[in-house]
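# Survey of secondary and tertiary structure
Chain by chain, the residues run as shown.
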Amino acid sequence: MNLLRDLFLDYTLRNIALGAAVLGLVSGVLGSFAVLRRQGLMGDALSHAALPGICLGYLLTGSKAPLVLMLGAGVAGWLGMVLILRIVRHTRIDPNSALGIILTVFFGFGVVLLTVLQKRNDAGQAGLDKFLFGQAAALTQEQVVTMAALGGAALLVVLLLYKEFKLISFDPEFARSLALPTRALDLLLTSLLVVAVVIGLNTVGVVLMSAMLVAPGAAARQWTDSLGKMLGLAAAFGAVSGVAGAILSVTAERIPTGPVIILCVTGIVVASLLFGSARGLVWEWLRQARHRREMLAALAGGAGAGGGGTAP
Amino acid sequence: MSPEFVIALTAALAACACALAGVFLVLRRMALMADAISHAILPGLVAGYWMARGPNVVAGFLGATAAGLLTVWLTEALTRSRRVKEDTAIGLVFPALFALGVLLVSRFFSNVHLDTDAVLFGEIAFAPLETWRIGGRDLGPTALWTLGGLTALNAGFLALFYKELKLSTFDPGLAAALGFAPVLLHYGLMGMVAVTTVGGFTAVGAILVIALIIVPPVTASLLTDRLPALVALSVAVGVAGALAGYGLAAFWDVSIGGMIVTVLGALFGATLLLAPRKGLVAQAVRRARQRRQFAREALLVHLATHEGTAAEDRECRPAHLQEELLWTAAMADRAVAEAQSAGLVAPVDAEGHLHLTDRGREMAAEVSRK
Amino acid sequence: MTNPVSVRDLTVAYEEKPVLWDADLEIPAGSLAAIIGPNGAGKSTLIKAILGLVPTAAGMVRLFGEPYAKVRKRVGYVPQRGSVDWDFPTSVLDVVMMGMYGRLGWVRRPGKAERERARECLREVGMEDYAGRQISQLSGGQQQRVFLARALAQDADLYFMDEPFAGVDATTERAIVAILKRLRDDGKTVLVVHHDLQTAPEYFDWAVLLNVRVMASGPMAATFTPDNLQRTYGGRIAFLK
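On a predicted model such as this, the values are computed, not experimentally measured, just so you know. (Residues numbered from 1 in each chain as written. Chains lettered and ligands numbered in written order. Predicted model: local features only at pLDDT ≥ 70, side-chain atom pairs only at ≥ 80, totals over all residues. Heavy atoms only, no water.)

## A look at the overall build of chain A
- A count of helices and strands for chain A gives 13 helices and zero strands.
- Starting at the N terminus, the α and β elements of chain A follow one another as α-α-α-α-α-α-α-α-α-α-α-α-α.
- In chain A, buried positions account for 57% of the 312 residues.
- Counted over contacts in chain A with a minimum sequence separation of 6, partners at least 24 positions apart contribute 72%. (Helix = DSSP H or I, 4+ residues; strand = E, 2+ residues; numbered from the N terminus. Buried < 20%, exposed > 50% of the residue type's maximum accessible area, 1.4 Å probe, protein only. Contact = heavy atoms within 4.5 Å.)

## What to know about the overall build of chain B
- Helices and strands together make up the secondary structure of chain B, namely 16 helices and four strands.
- Computed over C-alpha atoms, the radius of gyration of chain B comes to 30 Å, more than 25% over the 21 Å expected from 2.2 N^0.38 for 370 residues, which places it beyond the range of a compact globule.
- For chain B, the spread of C-alpha atoms along the principal axes amounts to about 100 × 50 × 40 Å.
- In chain B, buried positions account for 54% of the 370 residues.
- Split by element, the accessible area of chain B, about 16300 Å² in all, is 65% carbon and sulfur.
- Computing the positive centroid from 28 side-chain charges and the negative centroid from 28, chain B places the two 7 Å apart. (Rg over C-alpha atoms; globule rule 2.2 N^0.38 Å. Areas by Shrake-Rupley, 256 points an atom, 1.4 Å probe, with all protein chains shown as cover. Lys, Arg positive; Asp, Glu negative; His and termini not counted. Charge placed at Lys NZ, Arg CZ, Asp CG, Glu CD.)

## Points about the sheet that holds strand β7 (residues 189–194) of chain C
All names here are of chain C.
- Read from one edge to the other, the open sheet built from six strands follows the order β5-β6-β7-β3-β8-β9, with strand pairing classed as mixed. Two strands lie at the open edges of the sheet, namely β5 (75–78) and β9 (213–219), each paired on one side alone. The mean inter-strand angle of the sheet, taken between neighbouring strand axes irrespective of direction, is 15°.
- Two elements, strand β8 (residues 206–211) and β9, share six bridges in a ladder whose sense is antiparallel. Within β9, the position partnered with Asn211 by the bridge is Arg213. (Pairing = 2+ DSSP bridges. Axes fitted to C-alpha atoms, helices over the stretch in contact; angles between N-to-C directions.)

## What to know about the interface of chain A and chain B
- Facing 55 residues of chain A, the contacting portion of chain B comprises 53 residues.
- The contact between chain A and chain B buries some 4600 Å² in all, and 73% of this surface belongs to carbon and sulfur atoms.
- Along the contact surface separating chain A from chain B lie one salt bridge.
- Seen at the junction of chain A and chain B, the total is eight residue pairs in polar contact (both at pLDDT 80 or more).
- Elements with a contribution of two residues or more to the side of chain A that touches chain B: α3 (42–61), α4 (66–90), α5 (95–120), α10 (205–221), α12 (257–275) and α13 (281–310) of chain A.
- Counting residues per element, the side of chain A that touches chain B draws most heavily on α5 of chain A, at 17 residues.
- Residues belonging to the side of chain A that touches chain B are distributed by class as follows: 31 nonpolar, 15 polar and nine charged. (Buried area = accessible area lost by both parts, 1.4 Å probe. Salt bridge = Lys/Arg side-chain N within 4 Å of Asp/Glu carboxyl O. Polar contact = N/O pair within 3.5 Å; in protein donor to acceptor, adjacent residues only side chain to side chain. Nonpolar A, V, L, I, M, F, W, Y, C, P; charged D, E, K, R; others polar.)

## Focus: the packing of aromatic side chains
- Scanning the entire structure with this criterion turns up nine aromatic pairs over all chains.
- Plain terms: the ring middles of Phe170 of chain A and Phe88 of chain C are 5.5 Å apart, the flat faces sit at 50° to each other, and that makes the pair tilted. Residue Phe170 of chain A is located in helix α7 (residues 162–170), and its partner Phe88 of chain C is located in the loop between β5 and α3 (92–97); the two belong to separate chains.
- Summarising the aromatic geometry, the rings of Phe157 of chain B and Phe161 of chain B are spaced 5.2 Å apart at their centres and angled 55° between planes, so their arrangement reads as tilted. Highlighted residues: Phe157 of chain B and Phe161 of chain B, both in helix α6 (residues 142–170), separated by four residues, approximately one helical turn.
- Overall, the relative accessible area of 17% leaves Phe157 of chain B in the buried class.
- A residue is classified by how much of its surface remains accessible, and Phe161 of chain B, at 32% relative accessible area, is partly exposed.
- Aromatic rings pair up to connect Phe170 of chain A together with Trp86, Phe88 and Phe147 of chain C into one cluster.
- Positioned above the aromatic ring of Phe64 of chain C is the side chain of Arg74 of chain C, whose terminal nitrogen or guanidinium carbon lies 3.7 Å from the ring centre. (Phe/Tyr/Trp six-rings, centres within 6.5 Å; stacked < 30°, edge-to-face > 60°. Lys NZ or Arg CZ within 6 Å of the ring centre and 35° of its normal.)

## Observations concerning the confidence of the model for chain B
- Mean pLDDT over chain B stands at 83; residues scoring 70 or higher make up 90%.
- Model confidence for the complex: the whole-complex pTM is 0.86, and ipTM, which rates the interface, is 0.87. (pLDDT = per-residue confidence, 0-100.)

## Focus: the environment of Gly140 of chain C
Residue and element names in this part refer to chain C.
- With respect to the helices and strands, the residue Gly140 is situated in helix α6 (residues 140–153).
- The sequence separation of Gly140 and Arg103 amounts to 37 residues, and the corresponding C-alpha distance is 28 Å.
- Contacts of Gly140, omitting those with residues within four sequence positions, involve Arg81, Gly167 and Val168.

## Re the side chain of Ser106 of chain B
- The topology assignment puts Ser106 of chain B in helix α4 (residues 86–108).
- Here Val102 of chain B takes part through its backbone oxygen, which lies 2.8 Å from a polar atom of the side chain of Ser106 of chain B.
- A distance of 3.2 Å separates the side chain of Ser106 of chain B from the backbone oxygen of Leu103 of chain B, its partner in a polar contact.
- Setting aside chain neighbours within four positions, we find Ser106 of chain B in contact with Arg254 and Pro256 of chain A.

## A short note on a positive patch on the surface
- Together, Arg86, Arg89, Arg176 and Arg183 of chain A make up a positively charged patch on the protein surface.
- Relative to the helices and strands, Arg183 of chain A is located in helix α9 (residues 182–201). (Patch = residues over 30% accessible without salt bridge, like charges linked within 9 Å, V, L, I, M, F, W, Y side chains within 5 Å.)

## Some words on the pairing of strand β3 (residues 32–36) of chain C
All names here are of chain C.
- The buried count for β3 comes to five of five residues, which makes it a mostly enclosed element.
- Residues Leu32, Ala34 and Ile36 of β3 are buried on one face, and the alternating residues Ala33 and Ile35, pointing to the opposite face, are buried as well.
- Strand direction decides the pairing type here: β3 and β7, joined by five bridges, are parallel. Residue Ile35 lies in a different strand from β7, and its bridge partner there is Val193.
- Two strands pair when backbone bridges link them, and β3 and β8 are joined in this way by four bridges, in the parallel orientation. Looking at β8, one finds that Ala34 is bridged to Ala207.

## Remarks on unusual backbone geometry
- Phi is positive for Arg38 of chain A, which is not a glycine, with a value near 55°.
- Structurally, Arg38 of chain A can be placed in the loop between α2 (11–36) and α3.
- The phi angle at Arg29 of chain B is positive, at roughly 60°, despite the residue not being glycine.
- You can see Arg29 of chain B is positioned in the loop between α1 (3–27) and α2 (32–51).

## With respect to helix α10 (residues 227–252) of chain B
- Across its 26 residues, α10 of chain B extends 37 Å between first and last C-alpha, which sits within 8% of the 38 Å expected from 1.5 Å per residue.
- At the C-terminal side of α10 of chain B, Asp253 of chain B shows a positive phi close to 60°. (Expected span 1.5 Å × (residues − 1).)

## A closer look at the sheet that holds strand β4 (residues 58–63) of chain C
Residues and elements named next belong to chain C.
- Taken together, the three strands give an open sheet; going across it, the order is β2-β1-β4, and neighbouring strands pair in antiparallel fashion. At either margin of the open sheet sits one strand with a lone partner, and together these are β2 (17–27) and β4. Taken pair by pair, the neighbouring strands of this sheet meet at an average axis angle of 20°, ignoring direction.
- Bridge count for strand β1 (residues 5–14) against β4 is five bridges, and the pairing is antiparallel. Pairing of Val5 across the sheet is with Leu63, part of β4.

## Things to note about the domain arrangement of chain B
- As assigned here, chain B comprises domain 1 (3–276) and domain 2 (281–369).
- Just the C-alpha atoms count here: the centres of domain 1 of chain B and domain 2 of chain B sit 56 Å apart. (Domains from an automatic or database assignment.)

## A word on the environment of Asp94 of chain C
- As for its position among the elements, Asp94 of chain C is in helix α3.
- On the basis of relative accessibility, which here comes to 19%, the residue Asp94 of chain C falls in the buried class.
- Once the C-alpha coordinates of Asp94 of chain C and Ala131 of chain C are considered, the two residues, 37 residues apart in sequence, prove to be 8.3 Å apart.
- Polar side-chain contacts of Asp94 of chain C include one of 3.0 Å to the side chain of Lys166 of chain A.

In structure tokens form, the structure reads like this:
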């Protein structure tokens, strides 16, 4: 009961839980599209690519306001995304290598900028590098509100263009024959991933962001064969792991929020892979075992009957 | 040895070891496995630490390598189950293992120096400070031994299994049919990547290791298609980036690892633009030339198609080309002028028609045959 | 009256290789036309170029006398079955409804009327019992029927179909032919990429023989002659020697 009261009244816990829930919800929906479009590793690259943007945002404005840092992260992440898409489209470099190059080069440049910041040695820069692992415990109400507004806007776009996003994800060629601007839609849908990444950096950090995007969608897919339901379930899985991770990390000692959220959502993935109503592995194993039994029984029965037939 | 020299040598050796490990990884389009493995080794390090009851190089090394191979195996098992696609599988496995590692570290070893920041950044600047001592004798900086050993190991692996790796990369089916055990080779290669990552990150940091594994081979692949040249160029690009990066980092007094990666990125960008055959500039030039040749051939084929037909009067006028082939006036004029000066098209006749010359007719027939 | 398909000097090149050379084409209304030619002849490319799905190097396309963009609502398209991810989380009925997205326009969602119409289309291809099925559970022939139902839902006057008979069972092939003929009898025009020379004269009434260039085009009986076929396929055989 105390926990429930804290969840509503305790400033820190409420912010962590709300922030994590917003992140889970938004990245669940947007990540589902990434999973279906084989962009599962895009989130990893984009979150790393955001680092130089954050540093530059601070270097240029001297402000650590969430909006400034998020904007910097967003611009750098988006630039990285555009470069990845262009490299893949215009050269023979495979997507995996393109992602790897943008990820490391942007991040490496960000590390250089971080050392530049450290040299200036002013008090304000402290904590910029914290975004590597997230700093959910330090989430302010202002940050949570900014995250919610950004995420809400992204979800609104998905709601409005649901039908078009579905079509370009399933059958891009048919979409083009309907004269839909598939390239622009493709760019928009991928850009929304950047929004999710920007929201996530504050909470789970760079490294864990990729799982936050991929895991809820991958889990939801095992329960349903409908895109709409998959998006809804993914949002729920993401939000639930966010809140659960937040509560666990606050109640137990020395447990960082980000990793716990990721372990929660990974737990959901494992359970879904095994028991998901649409594609759970356990059901398939059971089916296979039954088939084998039936086949063996049929063989044994057939052998018995055959034996009986030849008996005098 | 001066500290500067040690750092430069460390960086160059790291570049060698990583480039050797990265060539086949990139060729197999699995570059991001390096990223995945380098993060996923954290719980392995923790396990090694725990089993040896303290910092122990061998235990940590074994634990981390095992965790790296576990990542590879888990990813493959997930993909094989056909419940998720490969990119999703990678994206699920390594953050989970990394999260587990971070959790273990902060829960049980928060008072121990197993800094998670170090996993990502490392600090090559400390390379000269940590030396290897056996029985009181100073054998020099540990990083040099580690990375030198890794370079030798990777070079040895490539030399031993070069033919097998080549075949199983370009034709896995044939390799399996010839009994080359592609699975075993695959795990061998992944083991090499894992060992390199583990050995490299303590010296130079994970991000630098990943960059040194991925960026040089991709850059080299823009310059050559031949495998031996690819290996050599990868090493050259990596070493050049490492040395130049270190020099610039010292000059500006910024992160060495970060600067090396930035220089590698600049090398990649410049190569992408300027590479002799596969560079974007060369491609654009080639395309423009092709467009012109193509325009001339299209003109010939067009004239040949309509030669002697009822539509000839309409189809074979210079003005018509603009209208029908959707050419601009300049493009049509140039194509006609070029074809005329090459003796493929006769000058416009009294009725304003273009006609093919005999050579033009021959060439049109040749073009449309291909 | 203007023909539903009128193509002049259409030329397509991928990188260095010309795939389609100076193609002229007129298909009269109410034709059931087959595009026939050897592998690599540019059959799919011709359709895609007409629909603006691949960049063209030169040429002019008019559908019903207009550029494609103006009449796209009167045009239906069936891509190759292999071009999509059949593991995508969507149902048979959903896929068929995609045929109506073009008419619906931006933002608007399909509603009850669309669902009803989609069911009708499924009935026409004999798949009404599969409406709720996940698409990964379909056989190749069933997938093709679903694609055909989606095209029917487009309610077009002119159809382009890329290899609708590839990898389907005999029953499906007969069903598809029946639907194509019915479309033709309703006054629609249908252009099909086909590469079975045996069945072509039986299924279609108009032929376009293609091998990078249009070798011949016209009513089936007059066009599908040994001489024209020799010209279309023969050059290639000579080339292979």
